[in-house]
Amino acid sequence: MQPEKFYYDNKIVRDFGIATVLWGIIGMTVGLIAAIQLYHPGANMHNQYTTFGRIRPLHTNAVIFAFVGNAIFMGVYYSLQRLLKARMFSDALSKIHFWGWQLIIVSAVITLPLGLTTSHEYAELEWPIDIVITIIWVVFGINMFGTIFKRRERHLYVAIWFYIATFVTIAVLHIVNSFELPVSAFKSYMVYAGVQDALVQWWYGHNAVAFFLTTPYLGMMYYFLPKMANRPVYSYKLSILHFWALIFIYIWAGPHHLLYTTLPGWAQSLGVAFSIMLIAPSWGGMINGLLTLRGAWDKVRDDVILKFMVVALTAYGMATFEGPMLSLKQINSIAHFSDWIVAHVHVGALGWNGFLTFAVLYWLIPRIYKTELFSKKLASFHFWIGTLGIIFYAVPMYWAGFTQSLMLKEFTAEGMLKYPNFLETTLQILPMHVMRSVGGAMYLLGVIVMAYNLLKTAKQGSLVANEAAQAMPLEPIHTIARESAWHRRLERKPIQMMVAALFVILIGTFIELMPTLTISSNIPTIASVKPYTSLELQGRDLYIREGCSNCHSQTVRPFRSETERYGEYSKAGEFVYDHPFLWGSKRTGPDLARIGGKYGNAWHFNHLMDPRLMSPGSIMPEYEWLLTQNLDTTTTRAKINGMRMIGVPYAVGYENQANTDLDKQAKAIAADLAKDHIKVKSNKEVIAIIAYLQRLGMDIKANKSTKY
Amino acid sequence: MNILYFLIGCSVLLALGFLGAFFWAQGNGQNDDLFTPSMRMLIEDDEKESDEKEPPIQK
Amino acid sequence: MIKSSVLEKTTCYHCGDDCTTIDHIVEDKHFCCHGCKSVYEVLSADDLCNYYSYNEHPGVTRKQTNKRFDYLSDETIAAGLIDYRDRHISIVTFYIPQIHCSSCLWLLEKLNKINPAIQYCRVDFLKKQLNIRYNHEKINLQQLVELLDNIGYEPLISLQDVIKKQNTVDKDNLVSKIAVAGFCFGNVMLLSFPEYFGLSGLEQTFKHFFGWINILFSLPIVLYSGTGYFVSAWQNLKNRVLNIDFPLALGIAVLFARTVLEIVTRTGAGFADTLCGLVFFLLVGKFVQKKTYHHISFERDYRSFFPVAVHIIENGIEKPVPLGKLGIGNRMVVRNNEIIPADAILLKGEALIDFSFVTGESIPISKTLGEIIYAGGRQTGEAIELEVVKPVSQSYLTQLWNNEAFTRTQDKRMQTFNEKVSKYFTIVLLSIAFATLIFWLPTDVRRGFAAFTAILIVACPCALALSTPFTMSAALSIFDRNHFYLKNVAVVEQLAAIDTIVMDKTGTITTGTVNNIKLEAILTDAQKQLVYSLCSNSSHPLSRIICHYLGNMDQLAVSGYSEVAGKGVQAHINGQFVMAGSADFILDCTDHSSARTMVHITIDGKYMGYFAFLLGYRDGMKNIAALSNSYDEYLLSGDQDHEKGDLQQFFPKSSSMYFNQSPQSKLDFVQSLQQNGNKVMMIGDGLNDSGALRQSDLGIAVTDNVNNFSPGSDAILDGKSFDKLPVFLRFAKDTIVIIHFSFFISLTYNLVGLSYAITGNLSPLTAAILMPLSTATIISFTSLATHFAAKKRQLI
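Conventions and cut-offs
- Residues numbered from 1 in each chain as written.
- Chains lettered and ligands numbered in written order.
- Predicted model: local features only at pLDDT ≥ 70, side-chain atom pairs only at ≥ 80, totals over all residues.
- Heavy atoms only, no water.
- Helix = DSSP H or I, 4+ residues; strand = E, 2+ residues; numbered from the N terminus.
- Rg over C-alpha atoms; globule rule 2.2 N^0.38 Å.
- Buried < 20%, exposed > 50% of the residue type's maximum accessible area, 1.4 Å probe, protein only.
- Contact = heavy atoms within 4.5 Å.
- Areas by Shrake-Rupley, 256 points an atom, 1.4 Å probe, with all protein chains shown as cover.
- Lys, Arg positive; Asp, Glu negative; His and termini not counted.
- Charge placed at Lys NZ, Arg CZ, Asp CG, Glu CD.
- Pairing = 2+ DSSP bridges.
- Salt bridge = Lys/Arg side-chain N within 4 Å of Asp/Glu carboxyl O.
- Core = buried A, V, L, I, M, F, W, Y, C linked by side-chain atoms within 4.5 Å.
- Phe/Tyr/Trp six-rings, centres within 6.5 Å; stacked < 30°, edge-to-face > 60°.
- Lys NZ or Arg CZ within 6 Å of the ring centre and 35° of its normal.
- Patch = residues over 30% accessible without salt bridge, like charges linked within 9 Å, V, L, I, M, F, W, Y side chains within 5 Å.
- pLDDT = per-residue confidence, 0-100.
- Expected span 1.5 Å × (residues − 1).
- Polar contact = N/O pair within 3.5 Å; in protein donor to acceptor, adjacent residues only side chain to side chain.
- Axes fitted to C-alpha atoms, helices over the stretch in contact; angles between N-to-C directions.
- Parallel < 35°, antiparallel > 145°, perpendicular 65-115°, else oblique.
- Nonpolar A, V, L, I, M, F, W, Y, C, P; charged D, E, K, R; others polar.
- Disulfide = S-S within 2.5 Å.
- Left-handed = near helix turned anticlockwise from the far one by under 90°.

Caption draft 1: Focus on the overall build of chain A. Broken down by element type, chain A carries 26 helices and four strands. The C-alpha radius of gyration of chain A comes to 27 Å, within 12% of the 27 Å expected for a compact globule of 708 residues. If one aligns the C-alpha atoms of chain A with their principal axes, the spans along those axes are about 90 × 65 × 50 Å. A buried classification covers 65% of the 708 residues belonging to chain A. Taking all contacts inside chain A whose residues are at least 6 apart in sequence as the whole, residues at least 24 apart take part in 82%. About 25,600 Å² of surface is accessible on chain A, with carbon and sulfur atoms providing 70% of the total. In chain A, which carries 61 positive and 45 negative side-chain charges, the distance between the mean positions of the two groups comes to 7 Å.

Dropping the structure here:
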């Protein structure tokens, strides 16, 4: 038998590398613009397409799925081929995967500024794109498993296990979180409502972080770190152990994003418990990584790539320790909705994902171009400016989050809120927001320097598109006399065989029944809670389009400080018609769950036209376009039908009179505005959104009046 | 909150899948030697002639 | 002497040894010997020189090798070695001690480049094994091994490889069981939390749903992961033994039964999480207990020392025969560094037999024609021919081995503390349980059974079962770190229990190698140079030692050199007649005054004096001797008592030293001590003590190379840690104390649990908290305490 000669595909790796850098710069720039708007609203250039509410999702999507996503594929396509001693399964699939993924990102770049969003965080993209994502992800899966099947190395190195876990879990998560009912080409409603929708969303949200930002990167760490340090990983046993531990525990930690919400108490505590358990496997990985460098710290001193890795691992350790701490109810009550969380995720994103990606790029590009890195000086400049950037970003944000939360919770001796006006607390932290954007800018600068450095490196070398390698083909396992395949062992033990079968069957059938079970929901209903009127529904969709939920939450937690400020705390029953839920995860502005009836229509009108008229110093952008754009009522019918389909009890035939209803309510509001000498046609978008805002929390108030 | 049934179901199935994977690994002898692979992966077999001119062999 | 200084500088490109000559140089790379050079040539021929790029001097020195592998072409032998064989390919696994670095890995998995008939190679680095799949139509086993030998990786092929034992690839697939247990544990915990956190009225549906899922998850736990406990409990019952497994099995059964009952009858949430946790932790404990160290093998016996085949001469033609076929009257050929496998009479050649393996005596003994040479000696020097007088099976060595001491099974060893306690524990537990049952029955049957089951649940000795394995494995790894390798955890307890120490002399308390050679003569540098030049011509080990002792000198022209076998050497140098050799050779008078090995020197007939070769004692003998106030110490030596004087310092007590001891008499001595109720620890070297080692309650083999095999020993002590022995003993005692304490802790936990249980109202939550809590306490306590003890003893 002759050793087979074959070629590693470096071109695809290079392409993903370029995409990584490119999207990285774009995504971070968008982030910077968004950050500036948080103290200088004018930075939206008075253009709806570049306003915070719309580009914040763009930023998250760009850095997570474009920057990190491409980086993952770069790392996987490089390491997988070498670990398995085989070229990728199919060049065609590789290309489809690459271009498909870029297409998805481009479509995101187009649709999100247009306000086409599901409002599910990190899953904002609308249903047509969701479908494309699914397809491309499957393509990636076929390509990966195909390579695994035709591998020439029997043992699957631990990194590959992490890749597999990533693929499988993300697939499931994406599908479950994309159960949405299309009502038009680019508009859909989530099948689940309120609490249930929230639970699904955060089950997804949390695991997306776990299996998109963590496991693939751990896999890359286990491949690239030993390579960079040229020494085996500290303990291979430990790496295997912590892999299995990690994937079995991570799944359950989701609910910790919903503490103090109307999610059942035990479900919340569940999330907390499992989040705490997560420390063990997470730190297992970090320690294993850092100890790999034991006795090689001299290397670290003069190898910038290792420096990047060390910071990345440290950041990972910090983030994975902070995470469980944040899931402790007491801490969470302070941190949640505040900039603290922003700081937390950015330590992970900038430190762990960012720096590890940079290290891999610096290590990998010179190799596939058969040359040396163009400039070590620039690289270490990148390292230092990047590290400083992280510090300048994180520290002010921790500070801001902490300050604002405490201010919001502070009471006077008389038992009144010390800062009844939310805006006061915002103004207090603006300086920190300025510093944050500086930190971000520094980090971005570093990335741009890296881009230049890598470009020069590529220029001075030449790409080895197909790197030759040799390996023995893998002989079929049976030629090796192997005694023990587990199922054979089971067959020898009929009882256990039976149990195993029974077990799987029961679970399986049970899952079959799931969807039917989920249609009916046993959430305590509140009689006075009614579906939205057609105008309010349209207004709600505008609220979603403008991404208001990026800054305004819609759930009042059961703290005195919040009930004093906003009103009665939220009940699960209030949200039964909310497809999707709009609780939000950050309070840059005040909560809106009880905004209805708090101010007159005129106030809202003026506030939307120029927030600073009503509340001087506000950092909310001006929504002039709502005043000029006409409300699109052609969609009303479809929306009503859709809503009814997913369980909202609109009377049969309501879709026919929906628009007449809509006009009536709109005219009423317009008339009311006219009283305040505000001339506005009733068919403007602003009317709808005012209608929606005025509806928020009214049902429960009605409830009170009727002494229910 | 019936959604919980569904999520739990999904998670359990997922976990079961991974458990299956673990059994496969165990039976396949993936975990027989948990040291050598960490050294083996460091070894690069650098072929003398690697160039893009040569057409990649597909199989 | 510039030249010599230059010589000392250059090191072998292949193995890194000092080059003493300059005649092995290829492309400006120096090699210490032809062997190393040839390896380099082989590798460079197949451009595998990256071998040298991964590490500096990755090779292993190849100085003494003139092995012959033609016996491997013998079908019966080959068949014994090969793991798998079909029409085209064979698979074989070799043990290759030389494997030590990434270069080895790289090269050995690239054999295909050297010979395409080799299809697939896999190295197991820790086991130092190489698994090869090759096409036996193109290359046969012998060529394969020769190829390995040529590149410096000679497999260690021994009789034991041919007589393969069943390889035990953990039959009870513990890992899978742990995986299942862990999986179920995690999910059950998840589904039990709601119960503890309290479900609102509306969510009752969840409660039952979760309950059923819990039952589902407990099924694999009981029927797959937990089976081992039922089985062993049952077997022990059959043998009328009450061991810890009985209450464990009972606990598991009761837990499951009650869980199912409560959930089905909707009377409670059941104990599914406790059940899963229990089994999971128990299995983990078992796993820890099983932890073994790959880098030494206790399982090898004398067979792994004997060659697979010998060369015999039949009507003038030399041919290999399997050892089994070797019969009385066969005329066998034994070459340099080959073992004499059977007692035989020397017929031809100069026999210089190195018995270090048998007696620990490192200086070869020369035998004269017609003498009987016992099996186990290793010939040094030229090839010799001998006639077999006893078949292998009856030779001195194998007889020793076949002594009943070896056939005796291990379980006659002292009963471990664990076993003792668990017996009483079980009895007490059961009596309490039934007492409670009887107490309640008349008044309240329900509660009676509730209490009864509750007791069996909370008193389930999980922590108890874990304390020993966790403490022991912690201790074991600490010993391991100090080059003291214990066969299993039980040995630690034996180590703590012994009260008598019996030591072998040679190779045990003396270092295996000649480390001090005394020059009892006044020689000028010029004369030294004469002696150096003379001896450097001889290959005799003593001559080599003398040369080494005198250091690198210029060789002078030697004329009329002659070497008298086994007596000495003589030659004319610078017109002076120099002689070096034994007393009867030089002074033709055999002096029996001292049994020390000596080389006498005369120059021009003038007696100058002699070199004396002494075996040095291991450092730390002092501390060992100091043990004598807490232990009875004895010395058993195979040699004459000429060292008695020197040894007095270590063994002041009279009747503590015995000389001229045969292996058998050592064994008997140990036995007699044991009959007087002593717990005996025997410290000996390799094979000749193996009888005594096995007989003793605790046999420790001292060796300078842990890969030497030491049959019958419970522990292998690396020579360089010899001085730590007293510390080890003390540390072992600490360990036992720790175990006792952890037992105390876990029992307290059980008592706490009982206080709930007896009254019959044990909430699942209490159980679910107690069980992991106690486990966690035990694990952390034992590991921390052990660590601390080790620190105190300066073992870490």
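Caption draft 2: Spatial organisation of the pairing of strand β2 (residues 180-184) of chain A. Residues and elements named next belong to chain A. Pairing between β2 and strand β3 (residues 187-190): four bridges, direction antiparallel. Each residue of the ladder has a partner; that of Leu181, found in β3, is Tyr189. Taking the residues between adjacent antiparallel strands as the criterion, β2 and β3 are bridged by two residues.

Caption draft 3: Spotlight on the pattern of salt bridges. Residues and elements named next belong to chain A. Evaluated as defined, the whole model comprises 37 salt bridges over all chains. Note that Glu4 and Arg152 form a salt bridge whose closest N and O atoms lie 2.6 Å from each other. Linking Glu4 in strand β1 (residues 4-9) with Arg152 in the loop between α4 (127-149) and α5 (158-176), this pair joins segments that are 148 residues apart in sequence. Of the residues examined, Glu4 reaches a relative accessible area of 22% and is grouped as partly exposed. Using a relative accessible area of 10% as the deciding quantity, one classes Arg152 as buried.

Caption draft 4: Structural detail: the nonpolar core. Counting residues in each nonpolar core, the largest one holds 285 residues, and the members touching the most others are Phe212 and Leu364 of chain A together with Phe479 and Met681 of chain C. Broken down by element, the residue count for this core peaks at 22 residues, all from helix α6 (residues 194-229) of chain A. Excluding its chain neighbours within four sequence positions, the residues that come into contact with Phe212 of chain A are Ile64, Phe65, Val68, Gly69, Ile72, Trp101, Trp137, Ile170, Asn207 and Tyr217 of chain A.

Caption draft 5: The packing of aromatic side chains, seen in detail. Residue and element names in this part refer to chain A. Applying the stated criterion to the full structure yields 71 aromatic pairs over all chains. Ring geometry for Phe575 and Trp583: centres 5.2 Å apart, planes at 65 degrees, overall edge-to-face. This pair shows no difference in class: Phe575 is buried, exactly as Trp583 is. Through successive ring pairs, a cluster of aromatic residues spans Phe16, Phe65, Phe73, Tyr77, Phe98, Trp99, Trp101, Trp137, Phe140, Phe145, Phe167 and Phe212. Across from the ring centre of Phe6, 4.1 Å away, lies the NZ or CZ of Arg152, which sits over that ring. In this structure, Lys571 packs its charged tip against the face of Tyr569, placed 4.2 Å from the ring centre.

Caption draft 6: Highlighting the sheet that holds strand β27 (residues 698-703) of chain C. Residue and element names in this part refer to chain C. Taking strand neighbours across the sheet as the criterion, the seven strands line up as β16-β28-β27-β26-β17-β24-β25 in an open arrangement whose pairing is mixed. Lying at the two open borders of the sheet, with one neighbouring strand each, are β16 (484-486) and β25 (657-658). Where strand β17 (residues 500-504) and strand β26 (residues 680-684) come together, four bridges link them in parallel fashion. Note on β26: the bridge partner recorded for Ile501 is Met681.

Caption draft 7: Structural context of a nonpolar patch on the surface. Residues and elements named next belong to chain A. A contiguous nonpolar patch, built from Leu388, Ile391, Phe392, Val395 and Met435 and spanning about 430 Å² of accessible area, is present on the exposed surface. Residue contributions to the nonpolar patch peak at four residues, all from helix α14 (residues 376-409). Within the element layout of this structure, Val395 appears in helix α14.

Caption draft 8: Region of interest: the pairing of strand β20 (residues 568-573) of chain C. All names here are of chain C. Taken together, the five bridges between strand β19 (residues 558-564) and β20 define a ladder with antiparallel strand orientation. Note that in β20 the partner of Glu563 across the bridge is Val569. Pairing of β20 with strand β21 (residues 576-581), which is carried by six bridges, proceeds in the antiparallel orientation. Paired with Ala571 across the bridge in β21 is Val578.

Caption draft 9: Structural detail: the side chain of Asp343 of chain C. On the secondary structure map, Asp343 of chain C appears in the loop between β9 (331-334) and β10 (344-348). The buried charged residue Asp343 of chain C lacks any salt bridge partner; its closest oppositely charged side chain belongs to Lys390 of chain C, at an N-O distance of 4.2 Å.

Caption draft 10: Examining unusual backbone geometry more closely. All names here are of chain A. A cis amide bond links His579 to the next residue, Pro580, at an omega of -5 degrees. Relative to the assigned elements, Pro580 resides in the loop between α19 (560-566) and α20 (601-609). Its identity as a non-glycine residue notwithstanding, Ser119 has a phi of 70 degrees, on the positive side. Inspection of the secondary structure puts Ser119 in the loop between α3 (91-111) and α4.

Caption draft 11: Quick peek at the confidence of the model for chain A. Residues with a pLDDT of 70 or more make up 91% of chain A, whose mean pLDDT is 89. Throughout residues 478-487 of chain A the model reports pLDDT below 50, and contacts reaching past four residues in sequence, or to other chains, amount to 21 contacts.

Caption draft 12: Representation of α14 of chain A within the structure. Counted at 1.5 Å a residue, the expected span for α14 of chain A with its 34 residues is 50 Å, and the 49 Å between its end C-alpha atoms agrees. Where α14 of chain A starts, the residue carrying a side-chain oxygen 3.3 Å from the main-chain nitrogen of Lys377 of chain A turns out to be Ser375 of chain A.

Caption draft 13: Representation of the environment of Gly289 of chain A in the model. All names here are of chain A. Its place among the elements puts Gly289 in helix α9 (residues 279-292). Remark: the alpha-carbon pair of Gly289 and Gly597, spanning 308 residues in sequence, is separated by 56 Å. Apart from the residues within four sequence positions on either side, Gly289 is in contact with Met221, Leu225 and Leu313.

Caption draft 14: Local environment of the confidence of the model for chain C. All names here are of chain C. Here chain C averages 79 in pLDDT, while 84% of its residues score no lower than 70. Below a pLDDT of 50 lies the segment residues 1-8, which in the model reaches 10 contacts outside its immediate sequence neighbourhood of four places, other chains included. Low confidence marks residues 405-412, where pLDDT is under 50. Its contacts with residues over four positions away, or in another chain, come to 14 contacts. As scored by the predictor, the complex reaches a pTM of 0.85 and an ipTM of 0.81.

Caption draft 15: A look at the packing of helix α13 (residues 339-368) of chain A against helix α15 (residues 422-460) of chain A. Residue and element names in this part refer to chain A. Close contact between α13 and α15 brings their axes to 11 Å; oriented N to C, the two are set at 10 degrees. With respect to α15, the axis of α13 lies roughly parallel. From α13, Asp339, Val342, Leu350, Gly354, Phe355, Phe358, Leu361, Tyr362, Ile365 and Pro366 reach across to α15, where they touch Ile429, His433, Arg436, Tyr443, Val447, Met450, Asn453, Leu454 and Thr457. Of the residues belonging to the contact of α13 with α15, the class tally is 13 nonpolar, four polar and two charged.

Caption draft 16: Representation of the state of the cysteines in the model. Residue and element names in this part refer to chain C. A complete count under the given rule lists zero disulfides over all chains for this structure. Among the cysteines around Cys101, which has no disulfide bond, Cys104 carries the closest sulfur, lying 3.5 Å off. Of all cysteine sulfurs in the structure, the one in Cys184 sits closest to Cys276, which takes part in no disulfide; the separation is 5.9 Å.

Caption draft 17: Spatial organisation of the packing of helix α19 (residues 462-481) of chain C against helix α30 (residues 764-792) of chain C. All names here are of chain C. It is the contact of α19 with α30, at a shortest axis distance of 9 Å, that shows an interaxial angle of 25 degrees. When the interaxial angle is binned, α19 and α30 end up roughly parallel. For the pair α19 and α30, the sense of crossing is right-handed. The segment α19 lies against α30, with Cys462, Ala463, Leu466, Ser467, Phe470, Thr471, Ala474, Ala475 and Ile478 engaging Met771, Ser774, Thr775, Ile778, Ile779, Thr782, Thr786 and Ala790. When its residues are assigned to classes, the contact of α19 with α30 shows 11 nonpolar, six polar and no charged.

Caption draft 18: Looking closely at the sheet that holds strand β3 (residues 82-85) of chain C. Residues and elements named next belong to chain C. Spatial strand order, β3-β4-β6-β5: four strands in an open sheet with antiparallel pairing. On the outer flanks of this sheet lie β3 and β5 (118-124), each paired with one strand and no other. When the angles between neighbouring strand axes are averaged without regard to direction, this sheet yields 15 degrees. Bridge count for strand β4 (residues 89-95) against strand β6 (residues 129-135) is seven bridges, and the pairing is antiparallel. The residue bridging Val92 from the neighbouring strand is Ile132, located in β6. Against the sheet, helix α7 (residues 141-150) engages β4, β5 and β6, with an angle of about 40 degrees to β4.

Caption draft 19: Structural view of the side chain of Asn143 of chain A. Residues and elements named next belong to chain A. Secondary-structure assignment places Asn143 in helix α4. Since its relative accessible area comes to 0%, Asn143 is described here as buried. In this structure the side chain of Asn143 is engaged in a polar contact, spanning 3.1 Å, whose partner is the backbone nitrogen of Ser90. Beyond its immediate stretch of four places on either side in the chain, Asn143 contacts Tyr77, Met88, Phe89, Ser90, Leu93 and Ser94.

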